[in-house]
Amino acid sequence: MDVASRKYVAKDYKSAVKPIWCPGCGDYSVLSALSKALAELALPPEDVAVVSGIGCSSRIPAYTHCYGFHGVHGRALPIATGLKISRPDLTVIVTGGDGDGFSIGGNHFLHACRRNVDMTYIVMDNQVYGMTKGQASPTTSPDWEGSKLTPEGTGINPFQPLAIGLAAGANFVARAFTGDPNTLARIIAEAVQHPGFSLLQVLSPCVTFRPEQKEWKRLVRVAEAECTDDPALAARHLMSDDGFNVGKVLYKGRRPAFVARAQPQPEALAAIESEFAT
Amino acid sequence: MSGKQAKRGIHSIGDLLAYASAMESEAVERYEELAGQMEVHHNHDAAQFFRRMAAIEALHVDRLAVISSDRSLPHIAPWYFDWDEPESPEAIDSGSPDLHYLATAYHATGLALAAEQRAVAFYTRVAATAAEAEIKAMAERFADEEREHVRLLAERLAKTPRPDAGWQDDPDPPNAQE
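Keep in mind it's a predicted model, so treat the numbers as computed, not measured.

Enquirer: Looking at this structure, I do not really get the packing of helix H1 (residues 13-40) of chain B against helix H2 (residues 44-67) of chain B. What am I missing?
Expert: Geometrically, a packed helix pair is captured by the angle between its two axes and the distance between the axes. All names here are of chain B. The contact between H1 and H2 brings their axes to 8 Å, and the two run at 160°. Regarding the angle of H1 to H2, the classification is roughly antiparallel. As for how H1 packs across H2, the hand of that crossing is left-handed. For the contact of H1 with H2, the per-class residue count stands at 17 nonpolar, four polar and five charged.

Below, the structure is given as structure tokens:
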């Protein structure tokens, strides 16, 4: 393909709304990578829905030119599930943070992995609640003392999103880093193309409440493990993982994506609409 | 789409122009993004500088379009470019420590200067490894142009006041925990 025959460029997926993230925030790279991935996949913006919950990273739908749904805290996945079931023609992408996804929405996360509905879940993991000014999140290390709420650290084992997602049935598991947006774009494109529930953990530094995360660019390394379709092998890799192996897809499962047996009945939808109208 | 697929190197004039076009286009987008970030934080000096740089880079995009008008450029997916860094040389790293909401014109100019220096290094490397004389000549020409940008920005940086020691001080910082 040549440049002239391309249908879309990354800019076609960005809205005119200026992000209000802090300069240096990793989420800018995710927005950029998502736009590039969608352009490469040549998906019409009107055929893509970006669904989110609450948090800094959950603002992404407003910054895209796709359909968007800025939902309630922790509830992005059930909203996205309902959308995909009722409109299977749409490409559904869910975006959010570690607190939104793994704490408030933790139970939805488990069951979304189980259900294996065809969607892509991009979790911008900065190990902190940024929007509420820096509290420990589910993925925060137990000895982080940066919050007045947990001055001696949480003392709690951090949530392991990929291992838990894999165990719960996610059909695609990968980790990426915002410091390498082009690799991130490639993995997003792969995640979107893979059938079923795709889980992508993105290490996305919070430069305001976790300034030490600027060091992540020196700590991350390209994962040695190659992609497998064997969940046991993928689990073994994850159990010996320090969280900084990035840039590769770890697992691509072969489970067929969930397909709803019953289709929505137009007359039932009309009845609901008239009920709301009265 | 596989991550194992090799990067696409520069083996023709079309490849080189595709690289150059991607570099300049990404520079425009990044400068616009940075200008927007600074405007949101009411940092007008840095915003103005980044806007100006976006406009300048846009002229380079236009110029490359003219140079490329008589040929078909290959489309290269972003992850198949063989850049020296994770992103194209003129795209300022979104995670740079100098990208602070209180960044001064000095910081902004320094970031732009570093981006142009990376572009010089990139084209110099392409010229040094080019298998064809035509590619080498064009890469050298592009490197010379980037050197001129480096010179202009270095001059500007020299005239820009250095920030005070307490440039990051904010009496009401956004990371204050109540």
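Having seen the structure, we can now continue with the description.
Enquirer: In this structure, what is going on with the packing of aromatic side chains? I would like to understand it.
Expert: For any pair of aromatic rings, the description consists of the separation of the ring centres together with the inter-plane angle of the planes. With the rule as written, the count across this model stands at 19 aromatic pairs over all chains. Between A:Phe102 and A:Phe159 the ring centres are 4.9 Å apart and the planes differ by 20°, which places this aromatic pair in the stacked class. Taken together, the residues span a long stretch of sequence, with A:Phe102 in helix H4 (residues 98-104) and A:Phe159 in the loop between strand S4 (119-125) and helix H6 (161-168) at a distance of 57 residues. Look at A:Phe159 and you get partly exposed, because its relative accessible area is 21%. Grouping aromatic residues by their ring pairs yields a cluster made of B:Tyr19, B:Phe81, B:Trp83, B:Phe122, B:Tyr123 and B:Phe142.

Enquirer: Could you clarify how one ought to interpret the environment of B:Tyr106 in this entry?
Expert: Residue and element names in this part refer to chain B. Take Tyr 106: it is sitting in helix H3 (residues 105-129). Residues Tyr 106 and Lys 159 lie 53 residues apart in sequence; the distance between their C-alpha atoms is 9.2 Å. Contacts of Tyr 106, omitting those with residues within four sequence positions, involve Leu 157, Thr 160, Pro 161, Arg 162 and Pro 163. Here the side chain of Tyr 106 touches Arg 162 through a polar contact of 3.1 Å, side chain to side chain.

Enquirer: Looking at this structure, I do not really get the packing of H6(A) against helix H9 (residues 231-239) of chain A. What am I missing?
Expert: Residue and element names in this part refer to chain A. Their axes nearest at 10 Å, the elements H6 and H9 cross at an angle of 160°. When the axes of H6 and H9 are compared, the pair comes out roughly antiparallel. Our pair here, H6 against H9, has a crossing hand that is left-handed. Contacts between H6 and H9 involve Leu 162, Ala 163 and Leu 166 from the former and Pro 231, Ala 234, Ala 235 and Leu 238 from the latter. Counted by class, the contact of H6 with H9 contains seven nonpolar, no polar and no charged residues.

Enquirer: Would you explain a nonpolar patch on the surface in this entry?
Expert: Residues A:Leu269, A:Ile272 and A:Phe276 make up a contiguous nonpolar surface patch of roughly 340 Å² in combined accessible area. A:Leu269 sits in the partly exposed class, given a relative accessible area of 45%.

Enquirer: Can you walk me through the interface of chain A and chain B in this structure?
Expert: Interface size is often expressed as the accessible area that is lost when the parts come together. Listed as interface residues are 37 residues of chain A and, on the opposing side, 38 residues of chain B. A buried area of about 3,200 Å², summed over both sides, lies between chain A and chain B, and 54% of it is on carbon and sulfur atoms. The largest per-residue losses of area from chain A upon contact with chain B belong to A:Pro23, A:Lys133 and A:Asn182, which jointly make up 19% of the total buried on that side. Note that B:Asp93 is salt-bridged to A:Lys217, the shortest N-O span being 2.6 Å. Connecting chain A to chain B are seven residue pairs in polar contact (both at pLDDT 80 or more). Residue contributions to the side of chain A that touches chain B peak at seven residues, all from helix H7 (residues 181-193) of chain A. Of the residues assigned to the side of chain A that touches chain B, the class counts are 13 nonpolar, 10 polar and 14 charged.

Enquirer: Explain the pattern of salt bridges here, please?
Expert: Side chains that differ in sign of charge can pair as their charged atoms come close. The final tally for this structure, using the stated rule, is 27 salt bridges over all chains. Here A:Lys11 and B:Glu32 are joined by a salt bridge, their closest N and O atoms 3.3 Å apart. Remark: B:Glu32 occurs in helix H1 and A:Lys11 occurs in the segment before helix H1 (27-41); the pair is interchain, linking two chains. For A:Glu190, the salt bridge goes to A:Arg186, with nearest N and O atoms at 2.9 Å. Residue A:Glu190 and its partner A:Arg186 are located together in helix H7, separated by four residues, close to a single helical turn.

Enquirer: What's the story with the environment of A:Gln127 in this structure? I'm lost.
Expert: Residues and elements named next belong to chain A. Tracing the backbone shows Gln 127 in the loop between S4 and H6. By relative accessible area, which is 18% here, Gln 127 ends up buried. Between the C-alpha atom of Gln 127 and that of Phe 159, which follows or precedes it by 32 residues, the distance is 9.9 Å. Other than its neighbours up to four places away in sequence, Gln 127 contacts Asp 98, Ser 137, Thr 139, Thr 140, Arg 210, Gln 213 and Trp 216.

Enquirer: Please explain the sheet that holds strand S1 (residues 48-52) of chain A as it appears in this structure.
Expert: Strand pairing in a sheet relies on backbone hydrogen bonds. The paired strands run either parallel or antiparallel. Residues and elements named next belong to chain A. Here seven strands make up an open sheet; going across it, the order is S2-S1-S3-S4-S6-S5-S9 and the pairing mixed. Of all strands in the sheet, those with a lone pairing partner are strand S2 (67-70) and strand S9 (248-252), marking the two edges. Here the strands of the sheet are splayed against their neighbours by 15° on average, with no regard to which way each runs. For strand S5 (residues 172-177) and S9, the ladder comprises four bridges, and the chain directions are antiparallel. Residue Val 173 lies in a different strand from S9, and its bridge partner there is Tyr 251. Packing of H6 onto the sheet brings it into contact with S4, S5, strand S6 (197-203) and S9, and relative to S6 it is tilted by some 175°. The sheet strands contacting H9 are S5 and S9, and the helix crosses S9 at an angle near 140°.

Enquirer: Help me understand the side chain of A:Ser198, please; the structure alone is not making it clear to me.
Expert: Residues and elements named next belong to chain A. Along the chain, the position of Ser 198 falls in strand S6. A distance of 2.9 Å separates a polar atom in the side chain of Ser 198 from the backbone oxygen of Ala 191. Each residue touching Ser 198, except ones within four places of it in the same chain, is listed here: Met 119, Thr 120, Tyr 121, Phe 172 and Ala 191.

Enquirer: Looking at this model, I keep getting lost on the confidence of the model for chain B. Mind explaining?
Expert: Where the model shows low pLDDT, its predicted coordinates should not be examined in detail. For chain B, the average pLDDT comes to 93, and 96% of its residues sit at 70 or higher. As scored by the predictor, the complex reaches a pTM of 0.94 and an ipTM of 0.93.

Cut-offs applied
Throughout this document, residue positions are counted from 1 along each chain, in the order its sequence is written. Ligands are numbered from 1 and chains lettered from A, in the order in which they are written. Side-chain atom pairs in this predicted model are given and counted only at pLDDT of 80 or more, local residue features only at pLDDT of at least 70, and totals for whole chains, interfaces and linings cover all residues. By convention in this description, side-chain values take in all heavy atoms of the structure and omit both hydrogens and water. Every axis corresponds to a line fitted to the C-alpha atoms, with the helix fit spanning only the stretch in contact, and the corresponding angles, defined between N-to-C directions, vary from 0 to 180 degrees. Here a helix means four or more residues in a row that DSSP labels H or I, a strand means two or more in a row labelled E, and each is numbered from the N terminus. Convention used here: angles under 35 degrees read as roughly parallel, angles over 145 as roughly antiparallel, angles from 65 to 115 as roughly perpendicular, and any remaining angle as oblique. Left-handed describes a crossing in which the near helix is turned anticlockwise from the far one by less than a right angle; the clockwise case is right-handed. Classes in brief: Ala, Val, Leu, Ile, Met, Phe, Trp, Tyr, Cys and Pro nonpolar; Asp, Glu, Lys and Arg charged; the others, Gly included, polar. Side-chain rings of Phe, Tyr and Trp (the six-membered ring for Trp) are treated as a pair once their centres are within 6.5 Å; stacked means planes under 30 degrees apart, edge-to-face means over 60, and tilted covers the remaining angles. Working definition: with a 1.4 Å probe on protein chains only, accessible area under 20% of the residue-type maximum means buried, over 50% means exposed, and in between means partly exposed. Should any heavy atoms of two residues lie within 4.5 Å, those residues are counted as being in contact. Here a polar contact means two N or O atoms within 3.5 Å. Within protein one must be a hydrogen donor candidate and the other an acceptor candidate, and residues neighboring in sequence count only if both atoms are side-chain atoms. Like charges are joined within 9 Å and nonpolar side chains (Val, Leu, Ile, Met, Phe, Trp, Tyr) within 5 Å, but only among residues with over 30% relative accessible area and no salt bridge; these make up the patches. To measure how exposed things are, a 1.4 Å probe is used in the Shrake-Rupley method; for residues, cover is taken only from the protein chains shown. A carboxyl oxygen of Asp or Glu within 4 Å of a side-chain nitrogen of Lys or Arg is what we treat as a salt bridge. Defined in terms of a 1.4 Å probe, buried area is the accessible area two parts forfeit on being brought together, summed over both. Two strands pair if DSSP finds at least two bridges between them. A score between 0 and 100, pLDDT records how confident the predictor is in each residue.

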